[in-house]
Amino acid sequence: MQQGSGILTTRQRRLAWLGFLLAAIQAPVSAKLVSDSSWLFSLCVALMVATVIIADDATRRRPADARSGD
């Protein structure tokens, strides 16, 4: 059984992981240094990128011959 291809290329996946890590690290640092709640934006971006990475994982684990409606 072959595995399906994901929605991201290998390069895009690496960049997504890098973006996730940078945003996830920046959020607590920004919360410590800045008095307003602008650090929440970094947290939201990190969560959105994580969602894309999880969706790509799920697509990659699906067999290649499976239909999208299943």
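As a reminder, the structure under discussion sits directly above these lines.
Definitions and cut-offs
Residues numbered from 1 in each chain as written. Predicted model: local features only at pLDDT ≥ 70, side-chain atom pairs only at ≥ 80, totals over all residues. Heavy atoms only, no water. Helix = DSSP H or I, 4+ residues; strand = E, 2+ residues; numbered from the N terminus. Contact = heavy atoms within 4.5 Å. Axes fitted to C-alpha atoms, helices over the stretch in contact; angles between N-to-C directions. Parallel < 35°, antiparallel > 145°, perpendicular 65-115°, else oblique. Left-handed = near helix turned anticlockwise from the far one by under 90°. Nonpolar A, V, L, I, M, F, W, Y, C, P; charged D, E, K, R; others polar. Expected span 1.5 Å × (residues − 1). Buried < 20%, exposed > 50% of the residue type's maximum accessible area, 1.4 Å probe, protein only. Salt bridge = Lys/Arg side-chain N within 4 Å of Asp/Glu carboxyl O.

## Quick look at the side chain of Arg 13
If you trace the backbone, Arg 13 turns up in helix α1 (residues 10-33). Discounting chain neighbours no more than four positions away, the residues touching Arg 13 are Leu 8, Ile 53, Asp 56, Asp 57 and Arg 60.

## Comments concerning the packing of α1 against helix α2 (residues 39-61)
Between two packed helices, both the angle of their axes relative to each other and the distance between the axes serve to describe the pair. Two numbers describe how α1 lies on α2: the axes approach to 8 Å, and their chain directions differ by 150°. Taken as axis vectors, α1 and α2 run roughly antiparallel relative to one another. Once α1 is placed against α2, the crossing between them reads as left-handed. Residue-level contacts link Thr 10, Arg 13, Ala 16, Trp 17, Phe 20, Ala 23, Ala 24, Gln 26, Ala 27, Ser 30 and Ala 31 of α1 to Trp 39, Ser 42, Leu 43, Val 45, Ala 46, Val 49, Ala 50, Ile 53, Asp 56, Asp 57 and Arg 60 of α2. By residue class, the composition of the contact of α1 with α2 is 14 nonpolar, four polar and four charged.

## Thoughts on the environment of Ala 27
Note on placement: Ala 27 falls in helix α1. Remark: the alpha-carbon pair of Ala 27 and Leu 43, spanning 16 residues in sequence, is separated by 5.8 Å. Beyond its immediate sequence surroundings of up to four residues, Ala 27 is in contact with Trp 39, Ser 42 and Leu 43.

## Section: α1
Taking 1.5 Å per residue as the helical rise, α1 with its 24 residues ought to reach 34 Å, and the 35 Å between its terminal C-alpha atoms agrees with that figure. If you check which residues of α1 are buried, you get Arg 13, Ala 16, Ala 23, Ala 27 and Ser 30. Where α1 is buried, its residues meet α2.

## Considering the pattern of salt bridges
Following the criterion strictly, the structure yields three salt bridges and no others. A salt bridge links Asp 56 to Arg 13, with the shortest nitrogen-to-oxygen separation between them at 2.5 Å. With a gap of 43 residues between them, Asp 56 in helix α2 and Arg 13 in helix α1 connect regions that are remote in the sequence. Looking at Asp 56, the relative accessible area reads 0%, which means it is buried.

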